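# Results of the structural survey
Below are the chains, spelled out letter by letter.
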Amino acid sequence: MKRYVALFLIFPLLVLALSTGCERTAEKSAPEGSAPRAEKETQPEKPAAAPVPQSAKDTAEAVKDLPVAGFQSFADLVEILKPSVVNISTTSVVKQRGFGQGQRRSPFGGPNDPFQDFFDKFFQGQPQQQQEFQRQGLGSGFIISEDGYVVTNNHVVERATDISVILENGEKYAAKVVGKDPKTDLAVIKFEPKGKLQAVKYGDSERLRIGDWVIAIGNPFGLGYTVTAGIVSAKGRSLGLGAYDDFIQTDASLNPGNSGGPLFNLKGEVVGVNTAIVAQGKGIGFAIPINMAHFVIEQLKEGGKVVRGWLGVYVQKLTPELATSLGLDEEEGALVSDVTPGSPAEKAGIKRGDVIVEYDGRKIDNITDLTTLAAVTSPGTEVNIKLLQDGKQKDIKVKLDEFPDDETQAAATEDAEDSLGLMVRPLDPQIARSFNLETDKGVVIVDVRRGSLALDAGLRPGDVIVELDKKEIKTLQDYKSALAGIKPGGTALFLVKRGENTIYTAVRMSDEKS
């Protein structure tokens, strides 16, 4: 009896086990096209491999077929983009003092050196001859038209006497500068290719997000075509290099020689122009956003110079302390620290102490936003500016003028650098603040070239030029005219204001003017 009871209990279990096994067998042998089970619908499919492009002639078409979302390698993308990137080599002529030119210290050294008086007398009054030697430079660039226009950094070609462009296939061409813009450190050069070239496609740097992948292609250390990849680490970075600081920060490795090369997104579009690195840090590079660069590039390509809109205000960051003292609830906007007399801003009623919060419908979060937006607005355009004035919000219409940055001023500065080693600028409130000067009128020395005649004579950055060769200096043109009147081999007599003191300094001119 017990045996029958045991069989009676075991039999249902055997039936259940057999039925489950049949279901599994049926599932494995299900015919093609039959509906899958619900559990199978949740299994992710393996992504398809990235197709290898057959040609790099049409960048846009080839790149758009790449499955960016699932790509495991940049190799296909790089193969497409490389023909649009060039290496640049330059030769420039550098002037430097020969032995004894300003080297007034005795080689025997020591604070009580008995030979020092002899050396002082020997070199006193000696003509300051300069020696010339050639310096080689390297950089990168990218092709923007099939007929040979290339974008690079201004500092790559600024002083170059000879420029060579090397294509990805090894072909080498002589190039010339079409236009350059020191304010944004951009330049356009041109060479005559044998055939049609592959140009880059511009992207939209405004759509970049922190964390997006980017690729840099360039010529670091002269090693030729080198590719590095990284992410966008930050946007809107200011490095204190000028009024148009608005950099993309990336951890894609950038090194000397990468300057002027392109920063690509994963669609193969240029989103930045690589331009700066932080020497003390690793994995910190900076690129000019292509949205700002495009405005400059097109003007340089078509006319050789950049025409910018001019509002005529000096602005500074609105700190929490300033916001509180001005009775403001928020710290957004750009604080107007000064208004240029006769400028569009003054004519429209903008005053010192106003806070500009909106420019033609665009919110102003910092001073770079305002300077950049005004610069890329065509002169003659009427824009609407929203600001806070005396605690009240106002809407003001302003018609922009052309930025007063003519070729005469640029030529005067270049002449000064060539002949004396000085870089001079018209004083304005911003420069005055940077050097802690009490006046904002006249002409100031902003840089003295290392090894120059002026440095040897004791001139320093921050010196305000009161007179040159006994002629009063009020403008950059006054300085240029006075300098031009000094004969080669003569002496330039400077009267400069340095802090609370006014001092005379004599600079011996070279025998030949450059």
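Residues numbered from 1 in each chain as written. Predicted model: local features only at pLDDT ≥ 70, side-chain atom pairs only at ≥ 80, totals over all residues. Heavy atoms only, no water.

### Side note on the overall build of the protein chain
Which entries qualify depends on this criterion: Counting from the N terminus, the helices are DSSP H or I runs at least four residues long and the strands are E runs at least two residues long. Burial status follows relative accessibility: with a 1.4 Å probe on protein chains alone, a residue under 20% of its type maximum counts as buried, one over 50% as exposed, and anything between as partly exposed. By definition, residues are in contact when any of their heavy atoms lie within 4.5 Å. Only the protein chains shown count as covering a residue, and every accessible area follows the Shrake-Rupley method with a 1.4 Å probe.
The helix and strand inventory of the protein chain stands at 14 helices and 27 strands. A burial count over the protein chain gives 41% of its 514 residues as buried. The long-range share in the protein chain, meaning contacts at least 24 apart out of those at least 6 apart in sequence, stands at 59%. In the structure as shown, the protein chain presents an accessible area of about 29,100 Å², 51% of it carried by carbon and sulfur atoms.

### Some points on helix H10 (residues 367-375)
Residues of H10 that are buried include every one of Thr-368, Leu-370, Thr-372, Leu-373, Ala-374 and Ala-375, and no others. Structurally, H10 contributes buried residues whose contacts are with helix H7 (290-303), strand E14 (309-310), strand E15 (313-317), strand E16 (334-339), strand E17 (355-359) and strand E18 (362-363).

### So, the environment of Ala-287
With respect to the secondary-structure elements, Ala-287 resides in strand E13 (residues 285-289). Residue classification places Ala-287 among the buried positions, given a relative accessible area of 0%. Each C-alpha atom, one on Ala-287 and one on Arg-237, is 9.7 Å from the other, the two residues being 50 residues apart in sequence.

### Some thoughts on the pattern of salt bridges
Under the convention used in this document: Every case where a carboxyl oxygen of Asp or Glu lies within 4 Å of a side-chain nitrogen of Lys or Arg is listed as a salt bridge.
Considering all chains together, one arrives at 11 salt bridges under this definition. The salt bridge partner of Glu-358 is Lys-386, with a shortest N-O separation of 3.9 Å. Pair noted here: Glu-358 is in strand E17 and Lys-386 is in strand E19 (residues 382-389), with a separation of 28 residues, a long-range link. According to the relative accessible area criterion, Glu-358 is partly exposed, its value standing at 24%. In this structure Lys-386 comes out as partly exposed when scored by relative accessible area, which is 21%. In this structure, the salt-bridge partner of Lys-471 is Asp-469, at a minimum N-O distance of 3.7 Å. On the accessibility criterion, Lys-471 (44% relative accessible area) is partly exposed.

### Some remarks on the packing of aromatic side chains
Using the following cut-off: Pairing of aromatic rings covers Phe, Tyr and Trp, the last counted by its six-membered ring, and requires centre-to-centre distances within 6.5 Å; plane angles under 30 degrees mean stacked, over 60 mean edge-to-face, and any other angle means tilted. Here, a charge over a ring means that NZ of Lys or CZ of Arg falls within 6 Å of the ring centre while also lying within 35 degrees of the ring normal.
Applying the stated criterion to the full structure yields 4 aromatic pairs. Judged by centre distance (6.5 Å) and plane angle (45 degrees), the ring pair of Tyr-479 and Phe-494 falls under tilted. Residue Tyr-479 is found in helix H14 (residues 476-484), and its partner Phe-494 is found in strand E26 (residues 491-498); the two are separated by 15 residues along the sequence. Phe-494 carries the same exposure label as Tyr-479, and that label is buried. When the ring centre of Tyr-149 is taken as reference, the NZ or CZ atom of Lys-190 above it lies at 5.3 Å. A cation sits over an aromatic face here: Lys-301 above Tyr-149, 4.8 Å from the ring centre.

### Things to note about the environment of Pro-429
By secondary structure assignment, the location of Pro-429 is in helix H12 (residues 429-434). Each C-alpha atom, one on Pro-429 and one on Val-339, is 9.5 Å from the other, the two residues being 90 residues apart in sequence.

### Details of the side chain of Gln-249
When you line up the elements, Gln-249 lands in strand E10 (residues 247-250). For Gln-249, a relative accessible area of 12% corresponds to the buried category. Here Gln-249 is in contact with Ile-231, Val-232, Ser-233, Ala-234, Arg-237, Ile-284, Gly-285 and Phe-286, once residues within four sequence places are set aside.

### Some remarks on the side chain of Thr-184
To keep it simple, the criterion reads: Pairs of N or O atoms within 3.5 Å make up the polar contacts considered here, provided that, within protein, one atom can donate a hydrogen while the other can accept it, and that residues adjacent in sequence are counted only when both atoms are side-chain atoms.
Among the secondary structure elements, Thr-184 is positioned in the loop between strand E5 (172-181) and strand E6 (186-190). Judged by relative accessible area, Thr-184 falls into the buried class, the value being 9%. For Thr-184, the side chain forms a polar contact with the side chain of Asp-181, separated by 2.5 Å. Thr-184 has contacts with Tyr-244, Ile-288, Val-296 and Arg-308, leaving out every residue within four places of it along the chain.

### Thoughts on a negative patch on the surface
For clarity, the cut-off: In this analysis, a patch consists of residues with relative accessible area above 30% that form no salt bridge, clustered at 9 Å for like charges and at 5 Å for the nonpolar side chains Val, Leu, Ile, Met, Phe, Trp and Tyr. We treat Lys and Arg as the positive residues and Asp and Glu as the negative residues; His and chain ends play no part in the count. Note on charges: their place is set at NZ of Lys, CZ of Arg, CG of Asp or CD of Glu.
A surface patch of like charges, here negative, comprises Glu-321, Asp-329, Glu-330 and Glu-331. In this fold, Glu-321 is placed in helix H8 (residues 320-325). We classify Glu-321 as exposed; its relative accessible area is 59%.

### Topic: the pairing of E5
Defined as follows: When DSSP finds two or more bridges between two strands, those strands count as paired.
As paired elements, strand E4 (residues 160-166) and E5 share 4 bridges and run antiparallel to each other. Of the residues in E5, the one forming a bridge with Val-165 is Tyr-173. Joining the antiparallel neighbours E4 and E5 is a turn of 5 residues, in which Gly-170 adopts a positive phi near 95 degrees. Looking at chain direction, E5 and E6 are connected through 5 bridges and run antiparallel. Among the inter-strand pairings, Lys-180 is bridged to a residue of E6, identified as Ala-187.

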